[in-house]
Amino acid sequence: MKTEKTCNSCSTSDCSAIKKQHGERDEDFVDRQALYSRMCKIKHKILVLSGKGGVGKSTVAVNLAAALALAGKNVGLLDVDIHGPSIPKLLNISGATLAGNENTLYPVKVNFGIGMISVMSIAFLLKEKNDAVIWRGPRKYGIIKQFLKDVQWDELDYLIVDAPPGTGDEPLAVAQLIDDADGAVIVTTPQEISVQDVRRCVVFCRQINLPVLGVVENMSGFTCPKCGENTGIFGLDGGKIMADEMGVPFLGSIPIDPAVVISGDSGTPMVSANPNSEAAKAFGRIILTLLEPELNLDESTNLLSMGGKK
Ligand code: ADP
């Protein structure tokens, strides 16, 4: 049986969990060490954020995780969208039984081609679907912290975190608790009402020193399968223009495609269900843009072969 890594048995000298922070209470320090020791085997942590709900944040999170797994990476997917956790549904594992004990939760493993995704969702812990709705602020923070602290991850190349939408207390709790994340991918639609919220999201990231890895414009135009005409149902390029204005990278656009809805409902992400679709190609390109320096030739080729040609 594997022994768990703890801060006491760790020789890393540049970890901020070694020392108590100024003014930190004893119990908060113990909690922080517990959280760090669970997460320190993860090389990269990426938070997927959105200014508002319904823009496709979970769809993007699940497809990014699946594309990375298809490229041969060890991937974790953590669903902390406390009011609408949808990752189990999107991966067809809603009925999964969690293994663990009082203080430890083991992720559910989902196979993807040559890779695998380790999945943990707060949905597995919500006894009643509406539980989270009635929790007040401090209780929500406590639940999010407990949840993050209890999950026992394996060695991972990437952890993709499907964070709660908006710029309120809940995404703030997630960003503060995972304070060594590589950065955030922000999902929007091209519509001005959504883009406005993303501006706030970029400001939110800047205020808490969370790097913005880039903006993804989802639901960006619909190409009629009969006549080929492209219609900007929610507008076009709003996310790209905003990214340029705000000086953050633009990662790419994903078109509206009814197959995205079908793949979500059937629990098979687009990148594996329809690898040759424009939407899957767009996910491949986004991963390549996001991670280019990190990926080796084989991994890039895997992404290219699932349709992600630049
Ligand atoms: P969020 O996590 O932001 O609330 P979801 O990922 O749950 O959003 O997506 C909301 C709805 O939009 C879902 O029904 C999903 O299938 C659909 N959807 C997301 N992206 C697309 C797309 N590119 N084309 C068509 N439908 C999409």
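Notes on the structure follow. (Residues numbered from 1 in each chain as written. Predicted model: local features only at pLDDT ≥ 70, side-chain atom pairs only at ≥ 80, totals over all residues. Heavy atoms only, no water.)

1. Details of the packing of helix α6 (residues 192–207) against helix α7 (residues 238–246)
- Relative to each other, α6 and α7 sit at 35°, their axes nearing to 10 Å. Between α6 and α7 lies a crossing whose hand is right-handed. Across from V195, V198, R199, V202, V203 and R206 in α6, the residues of α7 making contact are G238, G239, M242, E245 and M246.
- Among the residues forming the contact of α6 with α7, the class breakdown is six nonpolar, two polar and three charged. (Axes fitted to C-alpha atoms, helices over the stretch in contact; angles between N-to-C directions. Helix = DSSP H or I, 4+ residues; strand = E, 2+ residues; numbered from the N terminus. Left-handed = near helix turned anticlockwise from the far one by under 90°. Contact = heavy atoms within 4.5 Å. Nonpolar A, V, L, I, M, F, W, Y, C, P; charged D, E, K, R; others polar.)

2. A look at the sheet that holds strand β2 (residues 74–79)
- Reading across from one edge, β5-β6-β2-β7-β1-β8-β9-β12 is the order of the eight strands in this open sheet, with mixed pairing throughout. Lying at the two open borders of the sheet, with one neighbouring strand each, are β5 (108–112) and β12 (250–254). Pairwise comparison of adjacent strand axes, ignoring direction, gives a mean angle of 20° for this sheet.
- Across five bridges, β2 lies against strand β7 (residues 156–162) in parallel orientation. Across the sheet, L78 pairs through a bridge with V161, a residue of β7.
- Lying on the sheet, α7 is in contact with β8 (183–188), β9 (212–218) and β12; it crosses β9 at an angle near 160°. (Pairing = 2+ DSSP bridges.)

3. Section: unusual backbone geometry
- You will see that N92, though not glycine, has its phi angle at about 55°, which is positive.
- With respect to the helices, strands and loops of the structure, N92 is situated in the loop between α3 (87–90) and β3 (99–101).
- On the basis of relative accessible area, N92 is assigned to the exposed category, the value being 59%.
- In this model, N209 sits at a positive phi of 60°, which is unusual for a non-glycine residue.
- Structurally, the position occupied by N209 is in the loop between α6 and β9.
- What makes N209 exposed here is its relative accessible area of 70%. (Buried < 20%, exposed > 50% of the residue type's maximum accessible area, 1.4 Å probe, protein only.)

4. A closer look at the site of the ligand
- The immediate surroundings of the ligand are formed by 15 residues, with G54, K57, S58, T59 and N218 found nearest.
- In this structure, G54 approaches the ligand through a main-chain N or O atom, which is 2.8 Å from an oxygen atom.
- A distance of 3.0 Å separates a nitrogen atom of the ligand from a polar backbone atom of D257.
- Structurally, the ligand is housed in the largest pocket.
- Take the shell around the ligand: its biggest share by element is three residues, from helix α2 (residues 57–70).
- For the shell around the ligand, the residue count by class is seven nonpolar, six polar and two charged. (Near = heavy atom within 4 Å. Polar contact = N/O pair within 3.5 Å; in protein donor to acceptor, adjacent residues only side chain to side chain. 1 Å grid on protein atoms, 1.4 Å probe; cavity = no way out; pocket = protein on both sides within 12 Å on 5 of 7 lines; lining within 4 Å. Sits in = over half its atoms within 2 Å of the grid points.)

5. A short note on the packing of α2 against helix α10 (residues 278–291)
- Here α2 crosses α10 at 75°, and the two axes come no closer than 10 Å. Taken together, the axes of α2 and α10 lie roughly perpendicular to each other. Seen from α2, the contacting residues are T59, V60, N63, L64, A67 and L68; seen from α10, they are F283, I286, I287 and L291. (Parallel < 35°, antiparallel > 145°, perpendicular 65-115°, else oblique.)

6. What to know about the environment of T268
- Counting through the fold element by element, T268 comes out in the loop between α8 (258–266) and α9 (270–273).
- Residue T268 is classed as partly exposed on the basis of its relative accessible area, which comes to 32%.
- Placed 205 residues apart in sequence, T268 and N63 show a C-alpha to C-alpha distance of 9.3 Å.
- Excluding its chain neighbours within four sequence positions, the residues that come into contact with T268 are L90, S263 and A273.

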